[in-house]
Amino acid sequence: MATPDVLFQPLKLGDLELPNRILMSPLTRSRAAQPGDVPTAMNAEYYRQRASAGLIIAEATQVSPQGKGYAFTPGIHSQAQIEGWRQVTSAVHAAGGRIYLQLWHVGRISHPELQPDNALPVAPSAIKPEGAKTFISADSGMVDIPTPRALTTEEMPDIVAQYRKGAENAKQAGFDGVEVHCANGYLLDQFLRSGSNQRDDDYGGSLENRLRLPLEVVHAVVDVWGVERVGVRVSPTGSFNAMQDDNPEETFAAFAKKLDALGIAFIEVVEDSFQGNHANGRPESVIEAIQAVFSRTYIANGNYTADEARERITAGKTDLVTFGRPFIANPDLPERFRRNAPLNDWDDSTFYGGDEHGYTDYPFLSDT
Ligand code: PHB
């Protein structure tokens, strides 16, 4: 008898039963309706097609107008957005799937053209993310990001409130849970890492202070959802968006330990550059330091193949794996992995923005 495929061993994530270990990672596709950054029927169809994932973690979604950093990304702060997302969650559930929302505030990775009243983007400290870019309209191309304004201490409760509201709205929209985006150089990651946080109040300076805002946010989100339906995404060694930390192992083990004490269901770790080529391998010592203190589910991300996922699950190095670009190009990725079938190639010219092309028109195995 053939050995059972570990990718299809069910697993309980929090209190949610997942039928397989092949998760869809949060992927910015920049296809929300304008004006208003509202999810559409086309977005619902895209996610419905991918409902065989063990879990879909829907794309990064701004919790407030201030939290927006790119043209055409969806929000979760208006009634129209809640209704748009409800179409998405209903479609996924009707197809037998499960879907979380990723709660996002971009912090300094934005542009006055995208901000209310053309304000400067906000950040822990007024440090320009050198070399980081965004796009502000369909024909802007990639543009430079200005030096942000440092948030005042008095503004912190409002930031927490933005996430709390996003969490409440996600519940109204019918999601199964939420992931707090603490990765890839966006607001909460900017607070966590020493390169972008040089504050001298309670929200910066010491490691304990750098963890404070992210933990307050996770706390608020747990208030809304309960620990079984909340996860956090981190990218300890990622340099995307001009990020750097003096001691990623110490920073992220300390954060993971606090998250473990809170009891949240999972931590998802970007183990490679989010668009990486896997050149430096995985940061094993950071991964081990996180796993040593975080007792609940570990989710790995970053340029995994089916075989590497099988290997690392079998070796106890991860519980689950999120797949990004393979899921863009293969709506039926689990079935292809199960059968060891060939994968469609992705077309990176259609990742961000546009229509159905490169979005809902990738073929299923059954089409061929
Ligand atoms: C992006 O839109 O480029 C983007 C968004 C969220 C991420 C990473 C990249 O976590």
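Calculation criteria
Residues numbered from 1 in each chain as written. Predicted model: local features only at pLDDT ≥ 70, side-chain atom pairs only at ≥ 80, totals over all residues. Heavy atoms only, no water. Helix = DSSP H or I, 4+ residues; strand = E, 2+ residues; numbered from the N terminus. Expected span 1.5 Å × (residues − 1). Buried < 20%, exposed > 50% of the residue type's maximum accessible area, 1.4 Å probe, protein only. Contact = heavy atoms within 4.5 Å. Arc of directions from axis to C-beta. Polar contact = N/O pair within 3.5 Å; in protein donor to acceptor, adjacent residues only side chain to side chain. Pairing = 2+ DSSP bridges. Right-handed = clockwise from strand over helix to strand, strands pointing away. Salt bridge = Lys/Arg side-chain N within 4 Å of Asp/Glu carboxyl O.

Participant: Quick one: what's the story with helix α3 (residues 156–172), residue by residue and with numbers?
Facilitator: The terminal C-alpha atoms of α3, which comprises 17 residues, lie 25 Å apart, in line with the 24 Å expected from a rise of 1.5 Å per residue. Looking only at α3, the buried set comprises M156, I159, V160, Q162, Y163, G166, A167, N169 and A170. Summarising the contacts, the buried residues of α3 are in contact with α2 (79–94), β5 (99–104), β10 (177–182), α4 (187–192) and α5 (207–225). Directly after α3, the chain includes G174, whose backbone phi takes a positive value near 90 degrees.

Participant: Please provide a residue-by-residue account of helix α7 (residues 284–293), values included.
Facilitator: Listed in full, the buried residues belonging to α7 are V286, I287, A289 and I290. Here the buried residues of α7 occupy an arc of 165 degrees about the axis, which is enough to place them on one side. Buried residues belonging to α7 abut α6 (248–262), β12 (266–270), β13 (297–301) and α8 (306–314).

Participant: Could you give me a rundown of the side chain of Q49, with the residues and numbers involved?
Facilitator: As for its position among the elements, Q49 is in helix α1 (residues 41–49). Of note is the side chain of Q49, whose polar atom sits 2.9 Å from the side chain of R50.

Participant: Report on unusual backbone geometry, specifying residues and quantitative values.
Facilitator: Leave glycine aside and you will find that most residues have negative phi; peptide bonds, for their part, are mostly trans. Omega for the bond connecting Q34 with P35 falls within 30 degrees of zero, at -5 degrees, which places this linkage in the cis form. In this structure, P35 sits in the loop between β3 (22–24) and α1. Notably, N241 is not glycine yet its phi reads approximately 65 degrees, a positive angle. Structurally, the position occupied by N241 is in the loop between β11 (230–234) and α6.

Participant: Residue-level account of the pairing of strand β4 (residues 56–62), with values.
Facilitator: By the criterion of burial, β4 is predominantly enclosed, with seven of the seven residues buried. The pairing of β4 with β5 spans five bridges and is parallel. When the bridges of β5 are listed, Q62 appears paired with W104. In the classification by handedness, the crossover that spans β4, the intervening α2 and the parallel β5 is right-handed.

Participant: Account for the pattern of salt bridges, with residues named and values stated.
Facilitator: This model, assessed by the stated rule, comprises 19 salt bridges. Of the charged contacts in the structure, one is a salt bridge between R282 and E271, with a shortest N-O distance of 3.2 Å. With a gap of 11 residues between them, R282 in the loop between β12 and α7 and E271 in the loop between β12 and α7 connect regions that are remote in the sequence. Measuring nitrogen to oxygen at the nearest pair gives 3.2 Å for the salt bridge that ties R338 to E335. In this pair, R338 and E335 both sit in helix α10 (residues 333–339), three residues apart, roughly one turn of the helix. Linked through salt bridges whose partners overlap, the residues forming this network are D5, D307 and R310.

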